[in-house]
Amino acid sequence: MIRAQPSPSLPHPRDDRVRPATRRLAAFVLPFLIVAFALLFFWPAPGDTERLFAWTIRPPMTAMMLAAAYLGGILFFVQVLRQRWHHVAAGFPAVGLFAGLLGIATVLHWDRFHPGHVSFIAWAGLYFTTPFLVLAAWWVNRTADPGTPDERDLVLPRGWRLLLACAGVVTLALGLLLFLRPGTLIGVWPWALTPLTARVVGALFTLPGVVGLSLARDGRWSAARVLLQAQALGIVAILVGVARDRASLDWGQAAAWWFVLGLSAMLGFCALALVTLDRRARRGEGA
């Protein structure tokens, strides 16, 4: 009698594991983020971006703000390689939208780019493919989330979730307005924008917007920790950029002060959450 051989075990659909294809995507994207962050944060001057980057960025503040998003992305994708799926899941729709908007902005403002430059080839290659790859990775992994808290976890209190939702709505609305109607806010923005840079800054604002709404909906602290860490790191980098390129900001406009105060408030929120909620989760107060 011939015994049937056991079939190889397949990943359980709710095992909370990041699928191998998603890990490969994270490993693929990381080097591009590291290089782009270094170029734009350490060499943000227009002459440097004209020589080194996919397009000439003016003023340096815009370059450093984009670099800050890449820095947060570096932390996020490193954690994709290390964490469980639900710890990072909320970041994928946000990254997909951000990358998709930058791809659209590239097409709309093609004449502003440097076709043939190696940086442009990398830029176009990423932003014409990454939106689909990231959303496909989210789709493949979506059933891996068991929907339950970690062993030591916390269900976010209603007030925290409300703050996340409100911040998400405001930043997402601002980002979409900048992207869809760039001329609306160019005249009152804290530093000089063009239609292209307004759309890029708008795409940047959609990142915390979508993340905030996703985390408010999920409610688990374990699903929020990594995203808030990445957001806090990015905000610190933006504030450093403000200090480095403060001459580019029109401090005579209230918008410049509101920009800095808003970022500082968001950073304070992230820091407070990471300290207090993490401590409560470790103590098992809300598991």
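The structure under discussion appears in the preceding block.
The model shown is predicted, which means the values in this text are computed figures rather than measured ones.

Engineer: Got a minute to help me understand the packing of helix H5 (residues 91-108) against helix H6 (residues 118-127) in this structure?
Structural biologist: In a pair of packed helices, the angle between the axes and the distance between the axes together describe the arrangement. Running from amino to carboxyl end, H5 crosses H6 at an angle of 125°, the nearest separation of the two axes being 8 Å. Relative to H6, the element H5 lies oblique. H6 is crossed by H5, and the crossing has left-handed handedness. When H5 is examined against H6, the residues Phe98, Ala99, Leu102, Gly103 and Thr106 are found in contact with a partner set consisting of Phe120, Trp123 and Tyr127. Residues belonging to the contact of H5 with H6 are distributed by class as follows: six nonpolar, two polar and no charged.

Engineer: Hey, could you run me through helix H1 (residues 20-42) in this one?
Structural biologist: An α-helical turn contains 3.6 residues, so a residue and the one three or four places further along point in the same direction. Taking 1.5 Å per residue, 23 residues should reach 33 Å; H1 reaches 33 Å between its end C-alpha atoms and fits that length. Maximum bend of H1: about 25°, positioned at valine 29, with proline proline 31 one to four residues after it. Where H1 is concerned, the buried positions are Thr22, Leu25, Ala26, Val29, Leu30, Leu33, Ala36, Phe37, Leu39, Leu40 and Phe41. Elements in contact with the buried residues of H1: helix H2 (46-52), helix H3 (60-82), H5, H6, helix H7 (130-141) and helix H11 (221-244).

Engineer: Which parts of the structure should I look at to understand the nonpolar core?
Structural biologist: Most often, soluble globular proteins keep nonpolar side chains buried together rather than apart. Ranked by internal contacts, the top residues of the largest apolar core, which has 91 residues, are Phe76, Trp123 and Phe259. If one sorts the elements of this core by residue count, H3 sits on top with 13 residues.

Engineer: I keep staring at the packing of H3 against H5 and nothing clicks. Help me out?
Structural biologist: It is the contact of H3 with H5, at a shortest axis distance of 12 Å, that shows an interaxial angle of 140°. Taken together, the axes of H3 and H5 lie oblique to each other. In this structure, H3 crosses over H5, and the sense of that crossing is left-handed. Packed against H3, whose contacting residues are Leu66, Phe76, Phe77 and Val80, the element H5 presents Gly91, Phe92, Val95 and Phe98 at the interface. Its residues assigned to classes, the contact of H3 with H5 comprises seven nonpolar, one polar and no charged.

Engineer: Is there a simple way to think about unusual backbone geometry in this case?
Structural biologist: Glycine aside, residues mostly have negative phi angles, and peptide bonds mostly take the trans form. Proline 59 follows arginine 58 through a cis peptide bond whose omega is -10°. Residues other than glycine seldom take positive phi values, yet aspartate 16 does so here, at roughly 65°. You can see aspartate 16 is positioned in the segment before H1. On the accessibility criterion, aspartate 16 (7% relative accessible area) is buried.

Engineer: What's the story with the state of the cysteines in this structure? I'm lost.
Structural biologist: Each disulfide is one covalent bond, formed between the sulfur atoms of two cysteines. The final tally for this structure, using the stated rule, is zero disulfides. No disulfide involves cysteine 166; its sulfur sits 15 Å from the nearest other cysteine sulfur, which is in cysteine 270. Taking the relative accessible area as the measure of exposure, cysteine 166 reaches 42% and is therefore partly exposed. Look at cysteine 270 and you get buried, because its relative accessible area is 0%.

Quick notes on the rules
Residues numbered from 1 in each chain as written. Predicted model: local features only at pLDDT ≥ 70, side-chain atom pairs only at ≥ 80, totals over all residues. Heavy atoms only, no water. Axes fitted to C-alpha atoms, helices over the stretch in contact; angles between N-to-C directions. Helix = DSSP H or I, 4+ residues; strand = E, 2+ residues; numbered from the N terminus. Parallel < 35°, antiparallel > 145°, perpendicular 65-115°, else oblique. Left-handed = near helix turned anticlockwise from the far one by under 90°. Contact = heavy atoms within 4.5 Å. Nonpolar A, V, L, I, M, F, W, Y, C, P; charged D, E, K, R; others polar. Expected span 1.5 Å × (residues − 1). Bend = angle between axes of the 7 residues up to and from the residue. Buried < 20%, exposed > 50% of the residue type's maximum accessible area, 1.4 Å probe, protein only. Core = buried A, V, L, I, M, F, W, Y, C linked by side-chain atoms within 4.5 Å. Disulfide = S-S within 2.5 Å.

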